[in-house]
Amino acid sequence: MRTTVTYLFDPLCGWCYGASPAIQKLGQQSAIHLALAPTGLFAGGGRTMDAAFADYAWSNDLRIAKLTGQRFTEAYRQNVLGHLGSRFESASATLALTAVSLSEPLRELETLKALQEARYVQGLDTCDVSVVETLLRDQGLAVAADRLAASDAELLAANAARIRQAQGHMQTFGAQGVPALVVSDDKGSRLLSGNALYGSLDSLLGHIAVA
């Protein structure tokens, strides 16, 4: 039986960005089917960026950078965290990933990486639907971009279903946050802590094998 690894995440989660190298490598493993499961953690809350939250986020990002080596640039600090009054909301990015999953599912993982790097490296506000739509077009994902712009009923329903399913996994397996993995194989299904995503690939694959 092929092992399925369900990745519980949110596109605005800094720790999920820190786990990106491991997730990208995991997606290349022929013996593993990687299923992306956005949890909607930061979707629908409509939080506004203020100075206190920006300072908290940046201090957290520095911790992530030190642990994982992932880049959080000055452009991100100035243009995203420094854009006080802007929304902190993952709904647009999450909907974009669902649009890609419906149109070109094999490209969803690379789209997640592009969304994360657009924010944390290029300093683009991926909470803004127009920014996300442009990113999809730049990636050659015009069908997904059109669907995101239209936000048709089928797309919205599919997105809501994915979030419900991901939240169901979190409740079933007792996940306290993201990132987290649910490993399913001939031994059943069980939760693997996101901490496993911050070591080597061999270590991660070992955790998956014995989880």
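Up top is the structure.
Note that the coordinates shown come from a computational prediction; the quantities given were computed from them, not determined experimentally.

Visitor: I would appreciate a short explanation of the packing of helix H3 (residues 51–68) against helix H4 (residues 74–81) in the present structure.
Guide: For any two helices packed against each other, the geometry is given by the interaxial angle and the distance between the axes. Two elements in contact, H3 and H4, have axes whose closest approach is 11 Å; the angle formed by their N-to-C orientations is 160°. The orientation of H3 relative to H4 falls into the category roughly antiparallel. The handedness of the crossing between H3 and H4 comes out as right-handed. Residue-level inspection shows Ala54, Ala57, Trp58 and Asp61 of H3 in contact with H4, the latter providing Tyr76, Arg77 and Leu81. Looking at the contact of H3 with H4, its residues break down into 5 nonpolar, no polar and 2 charged.

Visitor: Sorry, what's going on with the sheet that holds strand E5 (residues 180–185) here?
Guide: The pairing of strands in a sheet comes from backbone hydrogen bonds and takes either a parallel or an antiparallel form. In spatial order, the strands read E2-E1-E5-E6; together these 4 strands make up an open sheet with mixed pairing. Two strands bound the open sheet, and with one partner strand each, they are strand E2 (32–38) and strand E6 (188–193). Averaged over all pairs of adjacent strands, the angle between strand axes in this sheet comes to 20°, irrespective of strand direction. In the sheet, E5 pairs with E6 via 6 bridges, with the strands oriented antiparallel. When the sheet's bridge partners are listed, Val182 is paired in E6 with Leu191.

Visitor: Sorry, what's going on with H3 here?
Guide: Owing to its 3.6 residues per turn, the α-helix aligns residues three or four sequence positions apart on the same side. The end-to-end C-alpha separation of H3 is 25 Å, in line with the 26 Å expected for 18 residues at 1.5 Å each. Every buried residue of H3 is accounted for by Phe53, Ala54, Ala57, Trp58, Asn60, Asp61 and Ile64. Along its buried surface, H3 packs onto helix H1 (14–18), strand E3 (47–48), H4 and strand E4 (87–88). Looking one or two residues beyond H3, the residue adopting positive phi is Gly69, at roughly 85°.

Visitor: Can you walk me through the nonpolar core in this structure?
Guide: Where a protein is soluble and globular, its nonpolar side chains tend to be buried together. Counting 47 residues, the largest nonpolar core has Tyr7, Leu8 and Leu204 as the members making the most contacts within it. Per-element accounting of this core gives the leading share, 6 residues, to helix H5 (residues 91–103). Excluding residues within four positions of it along the chain, Leu204 makes contact with Ala22, Leu26, Leu181, Leu192, Ala196 and Leu197. One finds Met49, Trp58, Tyr76 and Cys127 within the second-largest nonpolar core, a separate group that totals 15 residues.

So, how was this worked out
- Residues numbered from 1 in each chain as written.
- Predicted model: local features only at pLDDT ≥ 70, side-chain atom pairs only at ≥ 80, totals over all residues.
- Heavy atoms only, no water.
- Axes fitted to C-alpha atoms, helices over the stretch in contact; angles between N-to-C directions.
- Helix = DSSP H or I, 4+ residues; strand = E, 2+ residues; numbered from the N terminus.
- Parallel < 35°, antiparallel > 145°, perpendicular 65-115°, else oblique.
- Left-handed = near helix turned anticlockwise from the far one by under 90°.
- Contact = heavy atoms within 4.5 Å.
- Nonpolar A, V, L, I, M, F, W, Y, C, P; charged D, E, K, R; others polar.
- Pairing = 2+ DSSP bridges.
- Expected span 1.5 Å × (residues − 1).
- Buried < 20%, exposed > 50% of the residue type's maximum accessible area, 1.4 Å probe, protein only.
- Core = buried A, V, L, I, M, F, W, Y, C linked by side-chain atoms within 4.5 Å.

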